[in-house]
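# Coordinate analysis (summary)
Spelled out, the chains give:
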Amino acid sequence: MDWSKAKNLIIAALLVTNLVIGGQYLSMLHAETSRAEESLKAATEFLEEQGVKISADISVSSEKLPVLFVSIDRGSEDSDELEYKGRPLVVRAAQASVKILEPGQQAAWTISASEALLKLYASLKQEGSFYSGMEVKSADLVYVLNLKDSQSAAQDTAIPAWRIVTSRGTYYIDAYAR
Amino acid sequence: MSENKRRFERIKDAVIVVLFIMTILLLYLVWRGYPQKINLSEIFELISPGTVLPRAEEFIKPDFVVYGYGDAAFSAEIQDASPIYDSLLKMVQENSGKYAVGVTEISAEQKAQMMREYKSLRLVFPGDIPFAEFCERSGIERQSGYESVQFLNEIIISEAAPESIFVVSGDSCYRFWPDGAEEFIGSYLDGIKSQEPIFYAAGDILGGENSTLLPLHFSSSLVRSVWKSEAQEDPVRTNKEMAVSIFGENFDFVRRITDNFGNLTYMYGYGQKTLSCSAEGSYEYRMMPSAGADPGFYGSLESAISFVAGHGGWGDERKASGYILTHASVEGSGRDKIYNFEFSQVAGGVRIYSEKGPAIRLRLSAGEVFYYSRRAGLANATMAEEKEAVDAANVLAGNCNLMYNILTGDLLVPSSDKAFSYVVEKLERVSSGYVLNRGMLEPAWIIGLEGGNNFFFGLYDAEPLGFTR
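Residues numbered from 1 in each chain as written. Chains lettered and ligands numbered in written order. Predicted model: local features only at pLDDT ≥ 70, side-chain atom pairs only at ≥ 80, totals over all residues. Heavy atoms only, no water.

## Looking at the interface of chain A and chain B
The line we're drawing: Pairs of residues are marked as contacts when any of their non-hydrogen atoms sit within 4.5 Å. A carboxyl oxygen of Asp or Glu within 4 Å of a side-chain nitrogen of Lys or Arg is what we treat as a salt bridge. We count a stretch as a helix when DSSP gives it H or I for four or more residues in a row; a strand needs E for two or more, and each element gets its number in order from the N terminus. When residues are sorted by character, Ala, Val, Leu, Ile, Met, Phe, Trp, Tyr, Cys and Pro go into the nonpolar class, Asp, Glu, Lys and Arg into the charged class, and all the rest, Gly among them, into the polar class. Pairing between two strands requires that DSSP report at least two bridges joining them.
Taken together, the 34 residues of chain A in the interface contact 29 residues of chain B. Counting every contact that joins chain A to chain B gives 4 salt bridges. The salt bridge partner of Lys7(A) is Glu9(B), with a shortest N-O separation of 3.3 Å. Elements represented by at least two residues in the side of chain A that touches chain B include exactly α1 (3-49) and β9 (153-166) of chain A. A per-element tally of the side of chain A that touches chain B places α1(A) first, with 14 residues. Looking at side-chain class alone, the side of chain A that touches chain B contains 15 nonpolar, 13 polar and 6 charged residues. Where β9(A) and strand β12 (residues 255-259) of chain B come together, 2 bridges link them in antiparallel fashion. The residue bridging Gln155(A) from the neighbouring strand is Thr258(B), located in β12(B).

## Description of α1(A)
All names here are of chain A. Basically, it comes down to this: What a helix is expected to span follows from its residue count: subtract one and scale by 1.5 Å. Pairs of N or O atoms within 3.5 Å make up the polar contacts considered here, provided that, within protein, one atom can donate a hydrogen while the other can accept it, and that residues adjacent in sequence are counted only when both atoms are side-chain atoms.
In this model α1 runs 68 Å from its N-terminal to its C-terminal C-alpha over 47 residues, within 8% of the 69 Å that 1.5 Å per residue would give. In this structure Asp 2 caps α1, since a side-chain oxygen of it lies 3.1 Å from the backbone nitrogen of Ser 4. Among the residues trailing α1, Gly 51 stands out with phi positive, at a value near 100°.

## A few points about the confidence of the model for chain B
All names here are of chain B. Threshold: Known as pLDDT, the predictor's confidence for each residue is given on a scale from 0 to 100.
Of the residues in chain B, 92% have a pLDDT of 70 or more, and the chain-wide mean is 86. Under a pLDDT of 50 for its full length, residues 35-46 has, in the predicted model, 5 contacts with residues more than four places off or in other chains. Across the predicted assembly, pTM comes out at 0.80 and ipTM at 0.72.

## Considering the nonpolar core
Using the following cut-off: Buried Ala, Val, Leu, Ile, Met, Phe, Trp, Tyr and Cys residues form a nonpolar core when they are joined through side-chain atoms within 4.5 Å. For the exposure calls, accessible area comes from a 1.4 Å probe over protein chains only, and a residue counts as buried if that area is under 20% of its type's maximum, exposed if over 50%, partly exposed in between.
Within the largest apolar cluster, 76 residues are counted, with the highest numbers of intra-cluster contacts made by Phe134(B), Leu275(B), Phe341(B), Phe343(B) and Leu362(B). If you tally residues by element for this core, the top one is helix α9 (residues 296-310) of chain B, at 8 residues. In this view, Leu362(B) contacts Ala304(B), Phe307(B), Val308(B), Tyr339(B), Asn340(B), Phe341(B), Phe343(B), Val369(B), Tyr371(B) and Tyr372(B); residues no more than four positions away in its chain are not counted. Membership of the second largest hydrophobic core comes to 38 residues, among which are Val52(A), Ile58(A), Ile72(A) and Tyr84(A).

## Digging into a nonpolar patch on the surface
Quick note on the threshold: Residues form patches when they are more than 30% accessible in relative terms and have no salt bridge. Like charges link within 9 Å. Nonpolar side chains (Val, Leu, Ile, Met, Phe, Trp, Tyr) link within 5 Å. With residues, only the protein chains shown are counted as cover, and all accessible areas are computed by Shrake-Rupley using a 1.4 Å probe.
A cluster of nonpolar side chains, contributed by Val17(B), Phe20(B), Ile21(B), Ile24(B) and Leu25(B), occupies part of the molecular surface with about 480 Å² of accessible area. Secondary-structure assignment places Val17(B) in helix α1 (residues 3-33).

## Side note on the confidence of the model for chain A
Low pLDDT means the predicted coordinates in that region are not meant to be read closely. Chain-level pLDDT for chain A is 85 on average; 94% of the residues reach the 70-or-more range. Strand β10 (residues 170-174) of chain A holds the highest mean pLDDT among the elements of chain A, 91, whereas strand β1 (residues 53-54) of chain A holds the lowest, 84.

## As for the packing of aromatic side chains
Residues and elements named next belong to chain B. Here is the rule: For Phe, Tyr and Trp, rings pair up if their centres lie within 6.5 Å, where Trp contributes its six-membered ring, and each pair is then called stacked (planes under 30 degrees apart), edge-to-face (over 60) or tilted (otherwise).
In the structure shown here, the tally under the stated rule is 26 aromatic pairs over all chains. Note on Phe 131 and Phe 134: the rings are 6.5 Å apart at their centroids and 25° apart in plane angle, and the pair reads as stacked. Here Phe 131 and its partner Phe 134 are both found in helix α5 (residues 131-138), 3 residues apart, which amounts to about one turn of the helix. Between Phe 297 and Phe 341, the ring centres sit 5.5 Å apart and the planes meet at 65°, which makes this aromatic pair edge-to-face.

## Notes on the side chain of Asp259(B)
Residue and element names in this part refer to chain B. Tracing the sequence through the fold places Asp 259 in strand β12. For Asp 259, a relative accessible area of 17% corresponds to the buried category. Among the polar contacts made by the side chain of Asp 259, one reaches the main-chain amide nitrogen of Phe 261 at a distance of 2.9 Å. Looking at Asp 259, its side chain comes within polar contact range of the main-chain nitrogen of Gly 262, at 3.1 Å.

## Let's talk about unusual backbone geometry
Keep in mind that most residues, glycine aside, have a negative phi and that most peptide bonds are trans. Positive phi, normally seen in glycine, also occurs at Lys85(A), with a value near 50°. With respect to the helices, strands and loops of the structure, Lys85(A) is situated in the loop between β4 (83-84) and β5 (87-92). On the accessibility criterion, Lys85(A) (67% relative accessible area) is exposed. With phi around 70°, Ala72(B) is a residue other than glycine that occupies positive phi space. Within the secondary structure, Ala72(B) is located in the loop between β1 (64-69) and β2 (73-77).

## Observations concerning helix α8 (residues 235-247) of chain B
Residues and elements named next belong to chain B. Let me state the cut-off plainly: The arc under discussion is defined with respect to the helix axis, by the directions toward the C-beta atoms.
For α8, built from 13 residues, the straight-helix expectation of 18 Å at 1.5 Å per residue is met to within 8% by its first-to-last C-alpha distance of 18 Å. Along α8, the positions that sit buried rather than exposed are Thr 238, Asn 239, Met 242, Ala 243, Ile 246 and Phe 247. With its buried residues spanning 145° around the axis, α8 presents them on a single face. Of the surrounding elements, those touching the buried residues of α8 are β13 (264-268), β14 (273-277), β15 (283-287) and β20 (368-374). Note on α8: the residue one or two positions beyond its end, Gly 248, has a positive phi of about 55°.

## Remarks on the pattern of salt bridges
A full pass over the atoms with the stated rule returns 29 salt bridges over all chains. Linking Arg87(A) and Glu63(A) is a salt bridge whose minimum nitrogen-to-oxygen distance equals 1.9 Å. Here the residue Arg87(A) occupies a position in strand β5, and Glu63(A) occupies one in the loop between β1 and β2 (64-65), the gap between them amounting to 24 residues. Note that Arg137(B) and Glu302(B) form a salt bridge whose closest N and O atoms lie 2.9 Å from each other. With Arg137(B) in helix α5 and Glu302(B) in helix α9, this residue pair connects regions lying 165 residues apart in the sequence. On the accessibility criterion, Arg137(B) (34% relative accessible area) is partly exposed. Given a relative accessible area of 33%, Glu302(B) falls into the partly exposed group.

Next up, the structure:
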């Protein structure tokens, strides 16, 4: 067998394969970006039709974030401003001193801001507290630690959430969309 | 080959390696970036090949067998009634379809009479087993009249009608009368010989009408034995294994809450799924029940068995120190039907009771487990020389005030006689077993009263060891 010719064939086959798979990957990336942009546009249009004024600059992309494991000291109320990778940690429903222990081993994609806005709208509509003319002032990704249903917790978990500030108040939407 | 050509060939080799690595990387990127990742754990139930996965039929066994001698005396086989049941079932299967079978309902008086006044054999099952499904699963051909029997709770054969098999379904008792089958059913009764301990109806010993069986004298070789929670060795690893088995690939995104006592709760979403791991090694999993097509009793039992196999397991030697089905019931109907199963552990063939309930409890809807509790352990039953237990009647007499107080909530007992009559009237079962008490297995009398209340008393000293409601 002529090994030199065989190698040429293998190189050609691998090149074609890589071109096909690479093309597929690029088209997936492009489709994903277009889908996110379209979805943001559609969501914004829909919400504006419902009377929601969006004055915030809404981010198109989502992020890959882990959960955060934290320790809680209820005896102390000296809570420093905590953040993880530039995302602030917001403690809700109780006063406590919180320390970040470690992030979760894996990270998962969060939902986009447009999905979070739609979820907020659906939730307000369902509970009958939506009103036309509501203004969305900002939407950013934060970590939320809700101590409402874990009053005796010594350790708990902060999860990524979209913090949506509106003319009516501030809402937090689970960014893992469960 | 010239030096240039050799060099050119080496470059080609390097290019092949680089291109191959690039192919792998690109494939990984495409696979990872695919919008909806394929969840392998949803396709294949991740149960390792070595896992014990018992069949549903292995759990459908009588809880105990009662032999009646025909003179109001009985003996009870509690530890392993399987051989008797297996041979009776085999006989029924072999003769299924050979005879025309008549089905008639008999009265409660007739039922009591055939057990008290004739030699009889009574197999008591641990719950409501749907009779139609039981026949289908066991390969028993159903004939006209079978549809009137809803559940299989007990099977009775008696010398009073040696050609018949009686099936108790709730409060009703049905006679199955195979035409020409006398000889082989009757043969089961011939072998019944008196054996210690002898039991009598509670009414005969204590007065009243209660037919619950009480032993006159009872000896046992059970002694206090060691029990340790399955999570005791390495609670962190055991908790994590249980959580990973339940939440799968979402485990890393599940909320984890630890309290100051070491209890750990995993919460998925806003409480759609929660798993509580107590510091003492018990687990409780809950999720919202779903409505859907009913897979039936056996289908649900198989789902329950499979769920346990994948979430904590049945142990390596299930038969030696394993689990028995001790309760099965059905609630609701149609797409909202709920199946309840409870499994208790046994040590050395003896059932383990606990104030905290059975070792494993599951609730299923549409074939899906929506509640699972587990407080299992490893037991090493030790036996000693047989010694006399406190008489069951004396246990009742000595503790009737306590039981009356607890059952009625009335701390002022009008009189011991009244409390005693009250307890005897409500008596449903008296047996011996182990009770889990402060991390040890204590030999105990188990006094079962109406409404599912169990009281536990020391087997040799009648000291109260707890109760369940």
